[in-house]
Amino acid sequence: EQPHLLDPHLEKMLTQLMALGTAASSEEYLRHQAFKYLYQLTKVRGHKLIVRLLSHEVADLEPALALLNAQNPRDYETWETRYMLLLWLNIIALIPFDMKLFDGQRETASSSSAAPKAPLPIMERILNMAKQYLSVTDKSRDAAALLIAKFISRPDVRPLHLGH
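Section: the overall build of the chain
Okay, step 1: When its secondary structure is counted, the chain shows 9 helices and 0 strands.
Okay, step 2: Contacts spanning at least 24 positions in sequence make up 70% of the contacts within the chain whose residues lie at least 6 apart.
Okay, step 3: When the accessible surface of the chain is summed, it comes to about 9400 Å², and 57% of that surface belongs to carbon and sulfur atoms.

Considering the pattern of salt bridges
Okay, step 1: Applying the stated criterion to the full structure yields 6 salt bridges.
Okay, step 2: Note that R45 and D7 form a salt bridge whose closest N and O atoms lie 2.8 Å from each other. Of this pair, R45 sits in helix α2 (residues 28-45) while D7 sits in helix α1 (residues 7-22), and the two are 38 residues apart along the sequence.
Okay, step 3: For D7, a relative accessible area of 32% gives the class partly exposed.
Okay, step 4: One salt bridge in this structure joins E62 and R125, with 3.2 Å as the shortest N-O distance. Separated by 63 residues along the polypeptide, E62 in helix α4 (residues 61-69) and R125 in helix α7 (residues 122-134) bring together distant segments of the chain.
Okay, step 5: Given the relative accessible area of 22%, R125 is considered partly exposed.

Focus on the nonpolar core
Okay, step 1: By size, the foremost hydrophobic cluster in this structure holds 46 residues, and its most contacted members are L61, M84, W88, M99, I126, L147 and F151.
Okay, step 2: Counting residues per element, the ones that place at least two in this core are α1, α2, α3 (47-53), α4, α5 (79-93), α7 and α8 (140-152).
Okay, step 3: Broken down by element, this core gets its largest block of residues, 10 residues, from α5.
Okay, step 4: Contact partners of L147, with chain neighbours within four places excluded, come to L86, L89, N90, A93, I126 and A130.

Re the packing of aromatic side chains
Okay, step 1: Scanning the model with the defined rule gives 2 aromatic pairs in all.
Okay, step 2: A ring pair is formed by Y39 and W79, whose centres lie 4.8 Å apart and whose planes are at 70 degrees; its orientation type is edge-to-face. Within this pair, whereas Y39 is found in helix α2, its partner W79 is found in helix α5, the two being separated by 40 residues in sequence.
Okay, step 3: Classification of Y39 by relative accessible area gives buried; the value is 9%.
Okay, step 4: Pairing Y39 with Y83 gives two aromatic rings, centres 5.4 Å apart and planes at 85 degrees, and the pair type is edge-to-face. Placement of the pair is Y39 in helix α2 and Y83 in helix α5, with a sequence separation of 44 residues.
Okay, step 5: Looking at Y83, the relative accessible area reads 6%, which means it is buried.

So, how was this worked out
Residues numbered from 1 in each chain as written. Predicted model: local features only at pLDDT ≥ 70, side-chain atom pairs only at ≥ 80, totals over all residues. Heavy atoms only, no water. Helix = DSSP H or I, 4+ residues; strand = E, 2+ residues; numbered from the N terminus. Contact = heavy atoms within 4.5 Å. Areas by Shrake-Rupley, 256 points an atom, 1.4 Å probe, with all protein chains shown as cover. Salt bridge = Lys/Arg side-chain N within 4 Å of Asp/Glu carboxyl O. Buried < 20%, exposed > 50% of the residue type's maximum accessible area, 1.4 Å probe, protein only. Core = buried A, V, L, I, M, F, W, Y, C linked by side-chain atoms within 4.5 Å. Phe/Tyr/Trp six-rings, centres within 6.5 Å; stacked < 30°, edge-to-face > 60°.

Here it is, written out as structure tokens:
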């Protein structure tokens, strides 16, 4: 009845749960449990408040995409993980940096390793991932729709995907 009572402790809880959920050393079961607890906090306090407290730095973009890419969209046991990763990606995608510059840094690194196939640009990867989750029947569809809406409105994405 009084969810605001969580607020003084929320940032610490979110930090610890995100550390468990994103650690490479975490077992898959533990990772999903951390995201389930994150979802419960989101349900109690609302996604707008929770998303603002999540880590949102440019360095978080690749790990968030990698974690989301590792998920199975049809696994109905772990939808909370996908939902929270899409929400996290939503706040990361709002960071004002030029996505083309990000791809330029990645291309420079991959061209030296003689990779046979160039990876998709980061903009395309984010949009393709979000579109994939629009077709699921769980709550992650809502987070994917929110991600697309926010991502398409970025100044560097809008001209490429919405026209002039």
